[in-house]
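Architecture and fold: a report
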Amino acid sequence: MEHGDPIRPDDEPIGSYIEGLKQQQYQIPTFQREVVWERDNIKKLWDSIYRFYPIGSILIWNSDTELEKHREIGGHEINDPDKDSNFNYILDGQQRTTALLTSLYGVKGEWKGDFDPTLYIDLKVQEADDVDDANYKRRFLFEDEVDEDSKHVFKIIDIYKDPWVIDDRLADQGLENDHPIRARLRSFSKVLQQYRIPFIKLRDIEINEVTEIFERVNQEGEPLDIFDIIVAKTFRPTDHADGGFYLREMIEDFRENTEGEFVSISNKTYLEMLAMIIKYHVDGNEVNNITDRFLNEIKTHQIEAVWDEAKRAFRMTFDFFENHLNLKGPNLVPFRYFYITVAFYFYENNDPDYDFLQKYFWFYSFQSENLLRHTGHLRQDHLDPLYDEKTGGEFKFEEFRLDKHDLRSASYSYQGRFSRAILAFMASHDPKDWKHHDRSVLTDVYYQLQKEPNLHHIFPRNFVENYPGEDEYDEDSLMNIAYLPQITNLEISDRNPIEYLRDYDGDGFDAVLASHLIPQALLEWSRDDDVGYKTLDEFINRRVEFFISEIDDHLEEIPLNVHDSAAQDTDVRVLIEDGESQTTEFKSTFRTDVEGRGMPTDRVEYQCLKTINGFLNSADGGTLLIGVEDDGNIYGLEEDYETFREEQKREVFQRHLHDIIGSAMEPRFNDFIDVSFVTMENKDVCVVNVDHASRPAHLENQGDQEFYLRQGNRTIPLEPKQQMEYINDEFEDS
């Protein structure tokens, strides 16, 4: 492969590829598990070759980076121990490669399969016209399927190497030159000589891009993870002068010797925790972030330098979650980055402040602005101040901002950060059983939190649907949810909460409800014979206030700024009713070409960026509503959400919007932009409020610097001369 050609398709005759393996020209990293295909899969592979069907590309990564490699395939040595550069790693295609090699050359020594994979072909089997021809099961045979007296069954390797010898034998049997069996022999021999294996060859490519390419083309199993790469890179055999080193085994041993559910977090999370500990505690490292590019910089000696103390920090982290916060499993942790920051805080910290750490956890779990959403925040906003905190300095918390609407609208599904934060906060109060007040209801089933956890609707669904009047809030709001055992849930059924609470009311029940963060008002309503029922909305609003009060108690001395974006819904409806104007613009989508014109994603985004740029430069600013059509119909953001792979769609949408604003204009212009969301007609709408900027904002468009302004309900460009005049008049400091 030529330099400057990092990704190149190629092909090679099947025989040359197999011989290249035997000559140790290719290597298989150990993160590619040695998997033995079933008999039928091997036969189908050869049937595809027999028919000249494509079998998929083999992904090869050419690199000087040495990884831990498989020594052999089926007993065939494929690794040259003296080779120290120019490796050709098979990243995708190991199973096909193994099947081809062992079908031709059999196996030597130990073999994971329960059959001899040497493959034969029965030349008597005729072709069928049917595309789904199942004759391949009789055409291709393994040794234990071959009859001893078969005259027309031959090893594929013999046909590949000596087809003329076999042809002479068939002639000796009296078969004429044009006999179908001899014709099939010549045809299959020609296939073996001419069939070419397709390759995708990678060279001079960073590891993070290699893993991304692998994930997209992978045909044979789990996506390639950076953890697999690091395991292979840092591996040392046991006979090495510095001793053996195998990170995967070390982490598995740690799991086996540590109690609790948190040990099950992903291997990559362990790697990320190690990375940031190395960054701050090992001299001379280049592990500047937890992205794949920087994780790839981790070295064996760096892990060895921190491993013993890191294990202690990991266990203290898990203990903090389980025994201080009362979270018994990973699914209640709002951000996986908490493992990194908390473990970092405990590393070489002999006097941890658990009160501070709890405040830190709840602050970043509930903070409306989501200040732990991606790696860009991690070091500057978290690890640097945490390092100061644990070395005698002070961690400075910003103002705490909380949206009441976030509490009301968090759903019964707990995929998002905020929903997990609410469920974790409930669990942290150790809710008690309504019948047996000394018994905790948080059994293991709750900590596992599968797709549909056994949680209880305080106002049951059927009750809400059947009582008079209408509610604005959803009965699946987590403000209508409590942890209860299944038997209590069944007893309550779909009854009025004003009634069923009387079955449990007694000494100490006030404290039990408080442990569930259920406001005292609900119990007072049930004790009042004149109260027939209360609405779900009234209860949810009361519980929201109770939650806010409890959160405030946990964040003592941190200024609390509570607002309610639900009030914004009304404002948005008014904007839509008034239509587009000097200060209001509608866009159906942010990233999706709804008209099917083939417009690339970045050009669709550019339409929103023009509007934002126009508002920044206009004296009155303005509001962009994304998810609203020109005629005011609600289109929603679902199609835009589908363009992101992450689950937390609103947060990813908002982050991406801020990122491209910073890239296409300048990051400082985000200070004049507020992004929020409202739900209308069960669809999300993004509300982008833009203030007039303090200096002119230019928009980069394919190398050009553009300047937009609002004029009526349109966004118009200004030519350079007009720009100068406008900027001189409008921006005094420019």
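So, here's what we can say about the structure.

1. Brief notes about the overall build of the protein chain
A tally of helices and strands in the protein chain yields 30 helices and 21 strands. Residues classed as buried in the protein chain amount to 53% of the 734 residues present. For the protein chain, long-range pairs separated by at least 24 residues make up 73% of all intrachain contacts whose partners lie at least 6 apart in sequence. Accessible area of the protein chain: about 34,100 Å², with a carbon and sulfur share of 41%.

2. Looking at helix H25 (residues 536–554)
Its 19 residues give H25 an end-to-end C-alpha distance of 27 Å, which sits within 8% of 27 Å, the value for a rise of 1.5 Å per residue. Within the sequence span of H25, burial applies to Leu536, Asp537, Phe539, Ile540, Arg543, Val544, Phe546, Phe547, Ile548, Glu550 and Ile551.

3. Structural notes on the sheet that holds strand S1 (residues 7–13)
The mixed open sheet is built from four strands, whose spatial order is S1-S9-S2-S5. Each having just a single partner strand, S1 and strand S5 (87–92) make up the two edges of the open sheet. Strand after strand, the sheet turns through a mean of 35° between neighbouring axes, direction not considered. The pairing of strand S2 (residues 58–63) with strand S9 (residues 196–203) spans five bridges and is classified as parallel. Residue Leu59 lies in a different strand from S9, and its bridge partner there is Ile200. Contacting S1, S2, S5 and S9, helix H1 (residues 14–22) runs over the sheet at an angle of about 100° to S1. Along the sheet face, helix H3 (residues 94–105) touches S2, S5 and S9 and points at about 105° away from the line of S5.

4. Re the packing of aromatic side chains
Given two aromatic rings, one states the distance between the centres and the angle between the planes to describe the pair. Here the structure, examined in full by the defined rule, presents 62 aromatic pairs. Judged by centre distance (5.0 Å) and plane angle (80°), the rings of Trp362 and Phe425 are edge-to-face. With Trp362 in helix H15 (residues 354–366) and Phe425 in helix H18 (residues 417–428), this pair connects stretches of sequence that are 63 residues apart. The exposure classification of Trp362 matches that of Phe425, with both residues buried. Between Arg293 and the ring centre of Phe294, over which it is positioned, the NZ or CZ distance is 4.5 Å. One Lys or Arg, Arg603, reaches over the ring of Tyr606 and ends 4.4 Å from the middle of that ring.

5. Quick notes on the pairing of strand S14 (residues 584–587)
Burial along S14 is two-sided: Thr584 and Phe586 and Glu585 and Lys587, pointing in opposite directions, are all buried. Sheet analysis places S14 next to strand S15 (residues 622–626), joined by four bridges and oriented parallel. Residue Phe586 lies in a different strand from S15, and its bridge partner there is Leu625. In this fold, the crossover linking S14 to S15 by way of helix H27 (residues 601–617) has right-handed handedness.

6. What about the nonpolar core?
In terms of nonpolar packing, the biggest core is built from 126 residues, with Leu247, Phe314, Phe321, Phe366, Leu407, Ile422 and Trp434 touching the most fellow members. It is helix H13 (residues 300–324) that provides the largest number of residues to this core, a total of 10 residues. Not counting chain neighbours up to four residues away, the residues in contact with Phe314 comprise Phe254, Tyr270, Met273, Leu274, Ile277, Trp307 and Ala343. With 45 residues, the next largest nonpolar core counts Ile14, Ile58, Leu119 and Leu170 among its residues.

7. A word on the side chain of Asn79
Residue position: Asn79 is located in the loop between strand S4 (76–77) and S5. Judged by relative accessible area, Asn79 falls into the buried class, the value being 15%.

8. Observations concerning the sheet that holds strand S8 (residues 153–155)
As summarised here, the arrangement of the three strands in space is S7-S6-S8, forming an open sheet in which the pairing is antiparallel. In this open sheet, the two edge strands, each paired with only one partner strand, are strand S7 (140–142) and S8. Between one strand and the next, the sheet's axes are offset by a mean angle of 35°, whatever the strand orientation. Pairing of strand S6 (residues 119–122) with S8 involves three bridges; the strand directions are antiparallel. Of the residues in S8, the one forming a bridge with Asp122 is Val153. In the packing of helix H2 (residues 39–50) onto the sheet, the strands contacted are S6 and S7, and the crossing angle to S7 comes to about 145°.

9. Let's talk about unusual backbone geometry
For residues besides glycine, phi is generally negative; the peptide bonds are generally trans as well. Unusually for a residue other than glycine, Phe52 sits at a positive phi of about 65°. Position of Phe52 relative to the elements: it lies in the loop between H2 and S2. In this structure, Ser493 takes a positive phi of about 55° despite not being glycine.

10. Notes on the state of the cysteines
Following the criterion strictly, the structure yields zero disulfides and no others. Left without a disulfide partner, Cys608 is nearest to the cysteine sulfur of Cys686, which lies 8.5 Å away. With a relative accessible area of 1%, Cys608 lands in the buried category.

11. Remarks on the pairing of S9
For S1 and S9, the ladder comprises seven bridges, and the chain directions are antiparallel. Note that in S9 the partner of Arg8 across the bridge is Lys201.

12. Side note on the environment of Tyr50
Turning to its location among the elements, Tyr50 is positioned in helix H2. Between the C-alpha atoms of Tyr50 and Tyr136, which are 86 residues apart in sequence, the distance is 9.4 Å. Residues within four places of Tyr50 in sequence aside, it is in contact with Ile121, Glu127, Arg139, Phe140, Arg184, Phe188 and Val191.

13. A word on the environment of Gln654
With respect to the helices and strands, the residue Gln654 is situated in helix H29 (residues 649–664). With 34 residues separating them in the primary sequence, Gln654 and Val688 have C-alpha atoms 9.7 Å apart. For Gln654, the residues in contact, after removing those within four places along its chain, are Val675 and Phe677.

14. Some thoughts on the packing of H27 against H29
Between H27 and H29, the shortest axis-to-axis distance is 11 Å and the interhelical angle comes to 70°. The orientation of H27 relative to H29 falls into the category roughly perpendicular. Crossing of H27 against H29: the hand is right-handed. Along the contact surface, H27 presents Glu605, Leu609 and Ile612, while H29 presents His656, Leu657, Ile660, Ile661 and Ala664.

15. Regarding H1
Those residues of H1 that fall on the buried side of the exposure criterion are Ile14, Gly15, Tyr17, Ile18, Gly20 and Leu21. In the segment just after H1, Gln24 is the residue with positive phi, at about 65°.

16. Things to note about the side chain of Asp403
By the secondary structure assignment, Asp403 is in strand S10 (residues 400–403). Within the buried core, Asp403 has no salt-bridge partner, and the shortest N-O distance to an opposite charge, that of Arg408, equals 5.9 Å. Side-chain polar atoms of Asp403 contact the backbone nitrogen of His405, separated by 2.9 Å. Not counting residues within four places of it along the chain, the set of residues in contact with Asp403 comprises Ser368, His563, Asp564 and Ser565.

17. Quick look at the packing of helix H14 (residues 337–346) against H15
Between H14 and H15, whose axes approach to 12 Å, the crossing angle comes to 165°. Here H14 is positioned roughly antiparallel relative to H15, judged by the angle of their axes. Note that H14 runs across H15; the crossing there is right-handed. Of the residues in H15, those touching H14 at Phe338, Thr341, Val342, Tyr345 and Phe346 are Tyr354, Phe356, Leu357, Tyr360, Phe361, Tyr364 and Ser365.

Cut-offs and rules
- Residues numbered from 1 in each chain as written.
- Predicted model: local features only at pLDDT ≥ 70, side-chain atom pairs only at ≥ 80, totals over all residues.
- Heavy atoms only, no water.
- Helix = DSSP H or I, 4+ residues; strand = E, 2+ residues; numbered from the N terminus.
- Buried < 20%, exposed > 50% of the residue type's maximum accessible area, 1.4 Å probe, protein only.
- Contact = heavy atoms within 4.5 Å.
- Areas by Shrake-Rupley, 256 points an atom, 1.4 Å probe, with all protein chains shown as cover.
- Expected span 1.5 Å × (residues − 1).
- Pairing = 2+ DSSP bridges.
- Axes fitted to C-alpha atoms, helices over the stretch in contact; angles between N-to-C directions.
- Phe/Tyr/Trp six-rings, centres within 6.5 Å; stacked < 30°, edge-to-face > 60°.
- Lys NZ or Arg CZ within 6 Å of the ring centre and 35° of its normal.
- Right-handed = clockwise from strand over helix to strand, strands pointing away.
- Core = buried A, V, L, I, M, F, W, Y, C linked by side-chain atoms within 4.5 Å.
- Disulfide = S-S within 2.5 Å.
- Parallel < 35°, antiparallel > 145°, perpendicular 65-115°, else oblique.
- Left-handed = near helix turned anticlockwise from the far one by under 90°.
- Lys, Arg positive; Asp, Glu negative; His and termini not counted.
- Salt bridge = Lys/Arg side-chain N within 4 Å of Asp/Glu carboxyl O.
- Polar contact = N/O pair within 3.5 Å; in protein donor to acceptor, adjacent residues only side chain to side chain.

The quantities given are spatial measurements derived from coordinates; they are silent on function.
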